[in-house]
Amino acid sequence: MTNTNFYGMGIAPGLLEVIEKLGFKVPTPIQGKAIPFGIDGKDIIGVAQTGTGKTLAFGIPMIQQLQHRRGRGLVLVPTRELAMQVKQALENVAEPYDMRIALIIGGEYMGDQILDLRQNPRIIIATPGRLIDHVKQQYVRLDDVEILVLDEADRMLDMGFTPQIELILKYMPKERQTLLFSATMPPPIVKIASNYMHMPVRVEIAPTGTTAASVSQELFIVKKDRKVQLLQALLKKYRGTVLVFIKTKSGARKVTSSLKLKGFKCAEIHSDRVLEQRKEALEGFKSGKYRILIATDIASRGIDVSGIELVINYDLPDDPDNYVHRIGRTGRAGEEGHAISFATTEQGKEVKNIEKLIRYAIPVAEHPLAEQEFQAYVSGSSAPGAQKQGRPWKQNSKGRTGRGRPGSGGRSDYRRKGSSK
């Protein structure tokens, strides 16, 4: 049964008032299923795609329980950007209860974090490496943590944080509540669940590889040296906010420079940017100072910005799972979104791996450029092995359709809502 509001889920009346004042009316599916179990003190394995409201799914039970406990809560996240967003979301809910929250992340001055820890925060939000630094220097103890949240657990394991997570768990009491949230469930996460959780309840909203039904998708076959030109053409067609994913830091810098020369308001975010630069880029993107954000995969799960109209995969991700996380930045909380991916004629295998994961054949779109040479290339006359109006690689689409959006029943078009005709 779907919850039509937050009542009847075990949430305390005072917290319900806070939720209502913040404008939350209807719980998302993951919130509706996870919050009652969390309030009951059960361990939870929550599987849900990005943009489904997981922060409140663990934040509401944590804040309610900490009002009646002496211990504290710990939230582990993979990236600094995600940590900052989780802190902001929890502060909005915890503010009426004067519940101090400390942010412990790399890239910021240790001294300020030490001062925050000395204020005895009730909730700590941290990236694993920096938290261990503080633990080893005895600036914080974890033996009073009563509620642990592993947020975006699969991403933390992908980034090589498994040893750090296991070390952190050794510093914590065995008697605690553990809430694990992840978009996928690879074997290492199953191992963590079996070793460190007590009879966890599994709450799954969508199977691994499921993309939001509200996000339409399309594919452009393009030469590598024409990607920038195609990107610029699409950015003129779409007038809303655009998030562009690029594989490398150097590539992000080059594309950002080329777009700025053309007069586009854009910023870049990747691991070579210091924390203040990353904060400024993200805040500028949220506020409208920058219409376009160029990012590496550091942002595939670290950006929670509502209203992103378009996600462009300028480069295909190495891991098909990251395709799901990337396009999950648009179409959040049921809103409509659109995702465009660029692929060269040599990347048929990469495209097929993505389509196998998402169980959907991404439709090939026509280029919005008028040059005869470019159109000839797209149609196949200048691309060896290319099929006219189709894919330049063999495609077995048995049982699948080339629709713009899973379940939409029609072909997508680059001239969508918000684009110029």
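The structure we're discussing is the one just above.
1. Some points on the packing of helix α2 (residues 29–39) against helix α3 (residues 54–66)
Orientation of α2 relative to α3, taken along the N-to-C sense of each, is 25°, at an axis distance of 8 Å. By the angle class used here, α2 and α3 are roughly parallel. Classified by chirality, the crossing of α3 by α2 is right-handed. Within the contact between the two elements, α2 uses Ile30, Gln31, Ala34, Ile35, Gly38 and Ile39 and α3 uses Lys54, Leu56, Ala57, Ile60, Pro61, Gln64 and Gln65. In terms of residue class, the contact of α2 with α3 is built from 8 nonpolar, 4 polar and 1 charged.

2. Focus: helix α9 (residues 187–196)
For α9, every residue scored as buried is listed here: Ile189, Ile192 and Ala193. The buried residues of α9 occupy an angular sector of 100° when projected down its axis, which confines them to one face. The exposed set on the far side of α9, more than 90 degrees from its buried face, consists of Pro187, Lys191 and Ser194.

3. Overview of the pairing of strand β9 (residues 242–245)
Neither face of β9 is left uncovered, since the one carrying Val242 and Val244 and the one carrying Leu243 and Phe245 both have all their residues buried. Strand direction decides the pairing type here: β9 and strand β11 (residues 292–295), joined by 4 bridges, are parallel. Considered in β11, the bridge of Val242 is made with Ile292. Where β9 lies against strand β12 (residues 310–313), 4 bridges are found, and the strand directions are parallel.

4. Some details on the environment of Ile101
Among the structural elements, Ile101 can be located in strand β3 (residues 101–104). Using a relative accessible area of 10% as the deciding quantity, one classes Ile101 as buried. In the structure, Ile101 is positioned 28 residues away from Gly73 in sequence and 9.4 Å away in space, judged by C-alpha atoms. The contacts of Ile101, once residues within four sequence positions are left out, are Lys87, Leu90, Glu91, Ala94, Pro121, Ile123 and Ile125.

5. So, unusual backbone geometry
Phi angles above zero are rare outside glycine, and Glu152 is one such case at about 55°. Structurally, Glu152 is set in the loop between β5 (145–150) and α7 (153–158). With a relative accessible area of 5%, Glu152 lands in the buried category. Of note, the phi angle at Met199 is positive, near 45°, even though the residue is not glycine. As for its placement among the helices and strands, Met199 is situated in the loop between α9 and β7 (201–204). Note on Met199: relative accessible area 67%, which makes it exposed.

Thresholds applied
Here the residue numbers are simple positions, counted from 1 along each chain's written sequence. It should be noted that, the model being predicted, local features are given only for residues of pLDDT at least 70 and side-chain atom pairs only at 80 or more, the latter also being counted only at that level, while totals for whole chains, interfaces and linings use all residues. The side-chain values count all of the structure's non-hydrogen atoms but skip hydrogen atoms and water molecules. Interaxial angles span 0 to 180 degrees and are taken between N-to-C directions of axes, which are lines fitted to C-alpha atoms, for helices over the stretch in contact. Only DSSP runs of H or I reaching four residues or more are called helices, and only runs of E reaching two or more are called strands; each is numbered from the N terminus. Between 65 and 115 degrees an angle is taken as roughly perpendicular, under 35 as roughly parallel, over 145 as roughly antiparallel, and anywhere else as oblique. Each helix crossing is assigned a hand: it is left-handed if the near helix lies turned anticlockwise from the far helix by less than a right angle, otherwise right-handed if that turn is clockwise. Residue contacts are defined here by distance: any two heavy atoms, one from each residue, within 4.5 Å place the two residues in contact. In this classification, Asp, Glu, Lys and Arg are treated as charged, Ala, Val, Leu, Ile, Met, Phe, Trp, Tyr, Cys and Pro as nonpolar, and every other residue, Gly included, as polar. The buried label applies to any residue whose accessible area, calculated with a 1.4 Å probe on protein chains only, is under 20% of its type's maximum; exposed applies above 50%, and partly exposed to all values in between. Arc definition: it is the arc formed by the directions from the helix axis to the C-beta atoms. Any two strands with at least two DSSP-identified bridges between them are counted as paired.

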